[in-house]
Amino acid sequence: MPISPEDIRSLHKYETLILTTLERLMKRYTWVPDDILRKSSDLSLQEMEYRLGHLMAKDMVKSSSVPYKGYQLTFSGYDALAISSLVKKGTISALGCLIGEGKESAVYEALGTGVVALKVHRVGQRSFQSVRLNRSFMPEWNHFPWIFASTYSAKQEFEALKELRKGGVNVPVPVTINRNVVAMSFIAGVNLHQSVLENPKEVFDAIFENIKKAYNLGFIHNDLSEFNVMVDGKDVWIIDWPQWIDPSHPNAAEILKRDIDNIVNYFSRKYSISCTSDEAYKMVVG
Ligand SMILES: Nc1ncnc2c1ncn2[C@@H]1O[C@H](COP(=O)(O)OP(=O)(O)OP(=O)(O)O)[C@@H](O)[C@H]1O
Ligand SMILES: [Mg+2]
């Protein structure tokens, strides 16, 4: 379930304090003990219980009574902390509506210096396997793999956007990152699969120019398809980069071929553009 913008907007300062305190203490406890949470947040018992009630109703905190009374942040609680921090830092002034929801993320429109897109990464236990080897990256989160994996995923995407943008690839401009949330420029366009192109060959060439540039910079997308390309009538944008791999990866050739096939097949099916996968592959790595 994505977070509700209203739930974040209506957070009381004591509720934010509880979320921040829980985040800090979860580096030491799987379930943060009731009494330790109260001492650390310096709230009265009555206030804390009242605020925890709100947070649990918003599904931002969950509790356990065994082996002792304790609390944990949920995905929504962690998302709320990241988004509130972006508001506090002035990166965004207002959170808008949900504009996209995938298997492992939710994307919101927000107001910052202009319109920005906020991508909230939510990577669960299953996908965590692929990043397990890099666990030394955030050792303090070893017992909360979803926090680790989601933050790692956001960081991967942010780094890729930075380097790709610098190297002239058409991707959203990365603005900032906080925990599992990446703020980037908002693209006023539509996904390729939802558009009917007047100039399909030009768009096809532009996509391949970007794949080639990215490859030369050391990035293979690894989930490229008509769902991760956006068009706005003028430019072509490649989005959704957290799972990128390096061309030195042992399966790089196979993965790059899959990315290329997806695009070649889409244009052949929908616009009868004939270019073989081999030709396209040579165009990228040649
Ligand atoms: N910068 C952006 N500007 C405008 N819309 C965006 C932007 N980034 C993403 N979107 C929209 O949100 C949708 C989901 O974003 P994205 O593809 O990055 O993640 P995802 O598909 O949810 O990830 P996953 O592959 O884990 O399912 C996109 O298909 C697109 O419609
Ligand atoms: Mg996507």
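Residues numbered from 1 in each chain as written. Chains lettered and ligands numbered in written order. Predicted model: local features only at pLDDT ≥ 70, side-chain atom pairs only at ≥ 80, totals over all residues. Heavy atoms only, no water.

Trainee: Tell me about the sheet that holds strand β4 (residues 94–101), and please be specific about residues and values.
Mentor: One open sheet accounts for five strands, arranged β4-β5-β6-β8-β7; its pairing is antiparallel. If you trace the sheet from one side to the other, it starts and ends with β4 and β7 (174–178), each paired once. Across this sheet, the average inter-strand angle for adjacent strands is 25°, counted without regard to direction. Inspection of the sheet shows strand β6 (residues 114–121) paired to strand β8 (residues 181–185) by five bridges, in the antiparallel sense. Within the sheet, the bridge partner assigned to Lys119 lies in β8 and is Val182. Taken strand by strand, helix α5 (residues 75–88) contacts β4, β6, β7 and β8, and its axis lies near 150° from that of β6. (Pairing = 2+ DSSP bridges. Helix = DSSP H or I, 4+ residues; strand = E, 2+ residues; numbered from the N terminus. Axes fitted to C-alpha atoms, helices over the stretch in contact; angles between N-to-C directions. Contact = heavy atoms within 4.5 Å.)

Trainee: Got a sec to walk through the site of ligand 1? Specific residues and values, please.
Mentor: Of all residues adjacent to ligand 1, which total 21 residues, the nearest are Ser105, Lys119, Ile187, Asn191 and Asp240. Within the backbone of Glu104, a nitrogen or oxygen atom sits 3.4 Å from an oxygen atom of ligand 1. At a separation of 2.5 Å, an oxygen atom of ligand 1 approaches a polar side-chain atom of Ser105. Compared with its free state, where it exposes 610 Å², ligand 1 has 88% of that area covered by protein. Where the shell around ligand 1 is concerned, the elements lending two or more residues are β4, β5 (105–112), β6 and β8. Across the shell around ligand 1, the residue classes tally to 10 nonpolar, six polar and five charged. Each of domain 2 (92–185) and domain 3 (190–285) contributes no fewer than three residues to the shell around ligand 1. (Near = heavy atom within 4 Å. Polar contact = N/O pair within 3.5 Å; in protein donor to acceptor, adjacent residues only side chain to side chain. Areas by Shrake-Rupley, 256 points an atom, 1.4 Å probe, with all protein chains shown as cover. Nonpolar A, V, L, I, M, F, W, Y, C, P; charged D, E, K, R; others polar. Domains from an automatic or database assignment.)

Trainee: Account for unusual backbone geometry, naming residues and giving values.
Mentor: Here Val66 and Pro67 are connected by a cis peptide whose omega angle stands at 0°. Structurally, Pro67 is set in the loop between β2 (61–64) and β3 (70–73). Even without a glycine there, the phi angle at Asp59 is positive, about 60°. Counting through the fold element by element, Asp59 comes out in the loop between α4 (45–57) and β2. The phi torsion at Ser272 lies on the positive side, around 55°, for a residue other than glycine.

Trainee: For the domain arrangement of the chain, give the residues involved together with the corresponding values.
Mentor: The parts lose accessible area when they come together, and the size of an interface is often stated as this lost area. Assigned domains of the chain: these are domain 1 (5–77), domain 2 (92–185) and domain 3 (190–285). Spacing between the C-alpha centres of domain 1 and domain 2 amounts to 24 Å. Contact residues are listed per partner, giving 13 residues for domain 1 and 14 residues for domain 2. With both sides pooled, the region where domain 1 packs onto domain 2 buries about 1,200 Å², and carbon together with sulfur makes up 66% of that total. In this structure, the connection of domain 1 to domain 2 is made through one salt bridge. Where domain 1 touches domain 2, the interface holds four residue pairs in polar contact (both at pLDDT 80 or more). Mapped onto the side of domain 1 that touches domain 2, the elements with two or more residues apiece are α1 (5–9), β3 and α5. Broken down by element, the residue count for the side of domain 1 that touches domain 2 peaks at three residues, all from α1. When the residues that make up the side of domain 1 that touches domain 2 are grouped by side-chain class, the tally is six nonpolar, four polar and three charged. (Buried area = accessible area lost by both parts, 1.4 Å probe. Salt bridge = Lys/Arg side-chain N within 4 Å of Asp/Glu carboxyl O.)

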